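If you want the building blocks of each chain, they are given just below.
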Amino acid sequence: MGNQPPRLKFGVIGHQDNWKKIVDFVNSIRITDGNPELSQAKIKEVYGYFPPTKLFDIQINSKVSGFVEGYYIESFLSPDELGHSHIWNNLKKNERSL
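Residues numbered from 1 in each chain as written. Predicted model: local features only at pLDDT ≥ 70, side-chain atom pairs only at ≥ 80, totals over all residues. Heavy atoms only, no water.

Chemist: Residue-level account of helix α3 (residues 87-95), with values.
Modeler: Of the residues making up α3, those classed as buried are Asn-90, Lys-93 and Asn-94. In a view along the axis of α3, the buried residues occupy a sector of 95°, so they form one face of it. Exposed and oriented more than 90 degrees from the buried face of α3 are Trp-88, Asn-89 and Glu-95. Of the surrounding elements, those touching the buried residues of α3 are β1 (9-14). (Buried < 20%, exposed > 50% of the residue type's maximum accessible area, 1.4 Å probe, protein only. Helix = DSSP H or I, 4+ residues; strand = E, 2+ residues; numbered from the N terminus. Arc of directions from axis to C-beta. Contact = heavy atoms within 4.5 Å.)

Chemist: I'd like a rundown of the packing of aromatic side chains, residues and numbers included.
Modeler: Two numbers describe a pair of aromatic rings. These are the distance of the centres and the angle of the planes. Taken as a whole and judged by the stated rule, the model has 5 aromatic pairs. Aromatic pair Tyr-47 and Phe-76: ring centres 5.5 Å apart, planes at 65°, arrangement edge-to-face. Taken together, the residues Tyr-47 in helix α2 (residues 40-47) and Phe-76 in the loop between β3 (66-74) and α3 connect sequence positions 29 residues apart. Here Phe-56 and Tyr-72 contribute two aromatic rings whose centre-to-centre distance is 5.2 Å and whose plane-to-plane angle is 15°, an arrangement assigned as stacked. With a gap of 16 residues between them, Phe-56 in strand β2 (residues 53-62) and Tyr-72 in strand β3 connect regions that are remote in the sequence. Among the aromatic side chains, those forming a connected cluster through ring pairs are Trp-19, Tyr-47, Phe-50 and Phe-76. (Phe/Tyr/Trp six-rings, centres within 6.5 Å; stacked < 30°, edge-to-face > 60°.)

Right, here's the structure in full:
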């Protein structure tokens, strides 16, 4: 125990690149619960307010240190705001989640 290196942790921060993927995902969750589908316009109204959230754990096999554990964080950045002009706002939104 005392001679083992600490387990490494990492995070992958991601985002969806188009509204169709987002709408399909949100509605697939809602329909499972028996709720009606939401329009893209309705989803766009609230999507950007979701805070970055850890969605699931990841484990990879590293040739150097064996299994490495980490997690995927969905940033909930709007696909309309992925350009260079929004980079500082996007970084600030994700920084607050750490």
